[in-house]
Each structure stands twice: as structure tokens, then as C-alpha cells.
Number of protein chains: 2
Amino acid sequence: MRKYRVIIMPREGLLDPQGRAVAEMLQDNGYSVGEVRVGKVVEIELPEDIDVNLLAQKYLINPLIEDYIVEEATPSS
Amino acid sequence: MRKYRVIIMPREGLLDPQGRAVAEMLQDNGYSVGEVRVGKVVEIELPEDIDVNLLAQKYLINPLIEDYIVEEATPSS
């Protein structure tokens, strides 16, 4: 098994109301933040012979509205 | 400004119904997946003098039920 982290973000240019809410909350608390975007992350353990990119594209992502990146996660101890 | 990625996961040992739903869906489609956990990610641009860990602990995380890690994100082009 190999452990991956699939990070799924709203596509650039699409509205991200959650991100905007976080940005406004931080600004209201005195932080001069730049852009904030909120997405989701799926940590998944897969057999070595499974292509995590294919699986993500087929089952985890909506490519119309989401972009994603895959990281190899450090194995949990 | 510096761009960070705050990855927020349900704490180990807590129920993660979203993660279980994804695992079952993949198993139903023939994948022998191991553990799956679903969390959220906040990409945030902050001035260099802001401590992203303090900000995350104070405003982004519920430490009773969530763990987090911070990564430096590659700057958007």
C-alpha cells in the first residue's frame, strides 16, 4: 500500500464562497490576507499498481469545477 | 506575501463518515483501497511576518476534532 494525498481545489476563476468567507473573517480580525481558497483533501492508501491520477480523475474530481494535485503522504506511524 | 496550504484532517480515531463513504464507493467499483480520510485544505496568502501556525490554530482548526499540517505552496504563476 502507498499513501497519497489528493488535494482538490476550486478551479482558478471560479467563485469560492468558502474561501471568501475565511478571507473576510480574517480581515475582520485584523489580518491583511491575500487570496484564500478552500478545497478538500482525500488521503488514500492504494496498492502500488493502482494509478492514483486515473482514480482521482474518475472518482474524486469534477474536472469542470475542480483542479487537483497528488502528493505522496508520509506513512502514518 | 507567502502562500501556504493548511491541510486539516479529522483526528485519528475519530469517525470520518466522508472518508468511509469514499472508501466504500471505491471498493464497490473494484478497488482494494486501504484507509481513506477526507479533510479540507485552506490555501492562504499571508504577509511574511504572520505566523501561519498561530493563525491556523486560532481561526481555522477545531483542535478537539482536527489535526493539521502546513505546507508552503508553490506560488501561483
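Preceding block: the structure.
I will try to describe carefully the structure that is included in this document. Keep in mind that this is a model prediction, so the values were computed, not measured.

If you check helix α1 (residues 17-28) of chain B, its first and last C-alpha atoms are 16 Å apart, about what 12 residues at 1.5 Å a residue would give, namely 16 Å. Structurally, α1(B) contributes buried residues whose contacts are with β2 (36-46) and α2 (52-60) of chain A together with β2 (36-46) of chain B. B:Gly30 sits one or two positions beyond α1(B) and adopts a positive phi of about 95°.

When helix α2 (residues 52-60) of chain B is considered as a whole, its buried residues turn out to be B:Val52, B:Leu55, B:Ala56 and B:Leu60. The arc that holds the buried residues of α2(B), viewed along the axis, is 100°, so those residues lie on one side. Across α2(B) from its buried face, at more than 90 degrees, point the exposed residues B:Leu54 and B:Lys58. Taken together, the buried residues of α2(B) touch α1 (17-28) of chain A together with β1 (2-10), β2 and β3 (66-72) of chain B. Sitting at the head of α2(B), B:Asp51 places a side-chain oxygen 2.8 Å from the backbone nitrogen of B:Asn53.

Superposing chain B onto chain A takes a rotation of 180° plus a shift of 0.0 Å along the axis, which leaves an RMSD of 0.0 Å. Between the two chains, the operation in question is that of a two-fold axis. Measuring from the rotation axis to each C-alpha of chain B, the shortest distance belongs to B:Lys40, at 2.0 Å. The fraction of interface residues of chain B whose copies in chain A are also interface residues reaches 100%, indicating that both copies meet through the same surface.

Glancing now at the pattern of salt bridges. Under the counting rule described, the total for this entry stands at 18 salt bridges over all chains. B:Glu72 is the salt-bridge partner of B:Arg2, the closest N and O atoms lying 3.4 Å from each other. Here B:Glu72 lies in strand β3 and B:Arg2 lies in strand β1, a separation of 70 residues in the sequence. Among the residues examined, B:Arg2 registers a relative accessible area of 34% and is labelled partly exposed. Between B:Arg5 and B:Glu71 there is a salt bridge, with its nearest N and O atoms 3.3 Å apart. Within this pair, whereas B:Arg5 is found in strand β1, its partner B:Glu71 is found in strand β3, the two being separated by 66 residues in sequence. We note that B:Arg5, like B:Glu71, is buried. Connected through shared salt-bridge partners, A:Lys3, A:Arg5, A:Glu43, A:Glu71, B:Lys3, B:Arg5, B:Glu43 and B:Glu71 make up one network.

Let's shift gears to the nonpolar core. In this structure, A:Val33, B:Val6, B:Val42, B:Ile44 and B:Leu60 are the most contacted members of the largest nonpolar core, which totals 18 residues. When contributions to this core are tallied by element, the ones reaching two or more residues are α1 and β2 of chain A together with β1, β2 and α2 of chain B. At 4 residues, α2(B) tops the list of elements feeding residues into this core. With residues up to four places along the chain from it excluded, the contact list for B:Val42 reads A:Val36, A:Arg37, A:Val38, B:Tyr4, B:Arg5, B:Val6, B:Ile8 and B:Leu60. A:Val6, A:Leu55, B:Leu26 and B:Val33 belong to the second largest nonpolar core, which has 17 residues in total.

Cut-offs and rules
- Residues numbered from 1 in each chain as written.
- Chains lettered and ligands numbered in written order.
- Predicted model: local features only at pLDDT ≥ 70, side-chain atom pairs only at ≥ 80, totals over all residues.
- Heavy atoms only, no water.
- Helix = DSSP H or I, 4+ residues; strand = E, 2+ residues; numbered from the N terminus.
- Expected span 1.5 Å × (residues − 1).
- Contact = heavy atoms within 4.5 Å.
- Buried < 20%, exposed > 50% of the residue type's maximum accessible area, 1.4 Å probe, protein only.
- Arc of directions from axis to C-beta.
- Polar contact = N/O pair within 3.5 Å; in protein donor to acceptor, adjacent residues only side chain to side chain.
- Least-squares fit on C-alpha atoms with pLDDT ≥ 70 in both.
- Salt bridge = Lys/Arg side-chain N within 4 Å of Asp/Glu carboxyl O.
- Core = buried A, V, L, I, M, F, W, Y, C linked by side-chain atoms within 4.5 Å.

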